[in-house]
Amino acid sequence: MNEFISKHGVRLYAVLAALVPLLISLHPSVDWEIYLPLAAALLGAGELAQRHEDLKTSRAGASED
């Protein structure tokens, strides 16, 4: 599972980020404050995905030398 997440982490993040507007449109009567933790989690996951991709890029650049 960790290998799958490592290979497809950004794609999984994109799916989760795309689900937020869908959730909001399916439940318009829910207060927007309930979605704040979800938004914060997505921001954190995006940061982790970015750092992971940066690490993979720097390792690939170092191995070319």
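Everything in this summary refers to the structure shown in the same document. On a predicted model such as this, the values are computed, not experimentally measured, just so you know.

### Thoughts on the overall build of the protein chain
Phase 1: The helix and strand inventory of the protein chain stands at two helices and zero strands.
Phase 2: Relative to its length of 65 residues, the protein chain is extended, with a C-alpha radius of gyration of 16 Å against a globular reference of 11 Å.
Phase 3: Each of the three principal axes of the protein chain carries a C-alpha extent, and together these read 55 × 20 × 15 Å.
Phase 4: Just so you have it, the protein chain exposes about 5,400 Å², and 66% of that area is on carbon and sulfur atoms.
Phase 5: Once the 5 positive and 8 negative side-chain charges of the protein chain are each reduced to a mean point, those two points are 8 Å apart.

### Quick look at the pattern of salt bridges
Phase 1: According to the stated counting rule, one finds two salt bridges in the structure shown.
Phase 2: Glutamate 53 is the salt-bridge partner of lysine 56, the closest N and O atoms lying 3.2 Å from each other. In this pair, lysine 56 and glutamate 53 both sit in helix α2 (residues 36–64), three residues apart, roughly one turn of the helix.
Phase 3: For lysine 56, a relative accessible area of 33% puts it in the partly exposed group.

### Focus: helix α1 (residues 2–26)
Phase 1: Relative to the 36 Å expected for 25 residues at 1.5 Å per residue, α1 spans just 31 Å between its end C-alpha atoms, considerably shorter than the ideal helical length.
Phase 2: In the structure, α1 departs most strongly from a straight axis at histidine 8, where the bend amounts to approximately 75 degrees.

### So, a nonpolar patch on the surface
Phase 1: Taken together, the side chains of Val15, Leu16, Leu19, Leu22 and Leu26 make up a nonpolar region of the molecular surface, amounting to roughly 450 Å² of accessible area.
Phase 2: By the element assignment, valine 15 lies in helix α1.

### Looking at the environment of valine 10
Phase 1: By the element assignment, valine 10 lies in helix α1.
Phase 2: Taking the C-alpha atoms as reference points, valine 10 and glutamate 53, 43 residues apart in sequence, are found 8.5 Å from one another.
Phase 3: Non-local contacts of valine 10, meaning those with residues more than four positions away in its chain, are made with Ala49 and Glu53.

Procedures and definitions
- Residues numbered from 1 in each chain as written.
- Predicted model: local features only at pLDDT ≥ 70, side-chain atom pairs only at ≥ 80, totals over all residues.
- Heavy atoms only, no water.
- Helix = DSSP H or I, 4+ residues; strand = E, 2+ residues; numbered from the N terminus.
- Rg over C-alpha atoms; globule rule 2.2 N^0.38 Å.
- Areas by Shrake-Rupley, 256 points an atom, 1.4 Å probe, with all protein chains shown as cover.
- Lys, Arg positive; Asp, Glu negative; His and termini not counted.
- Charge placed at Lys NZ, Arg CZ, Asp CG, Glu CD.
- Salt bridge = Lys/Arg side-chain N within 4 Å of Asp/Glu carboxyl O.
- Buried < 20%, exposed > 50% of the residue type's maximum accessible area, 1.4 Å probe, protein only.
- Expected span 1.5 Å × (residues − 1).
- Bend = angle between axes of the 7 residues up to and from the residue.
- Patch = residues over 30% accessible without salt bridge, like charges linked within 9 Å, V, L, I, M, F, W, Y side chains within 5 Å.
- Contact = heavy atoms within 4.5 Å.

Shape descriptors only; they carry no functional weight alone.
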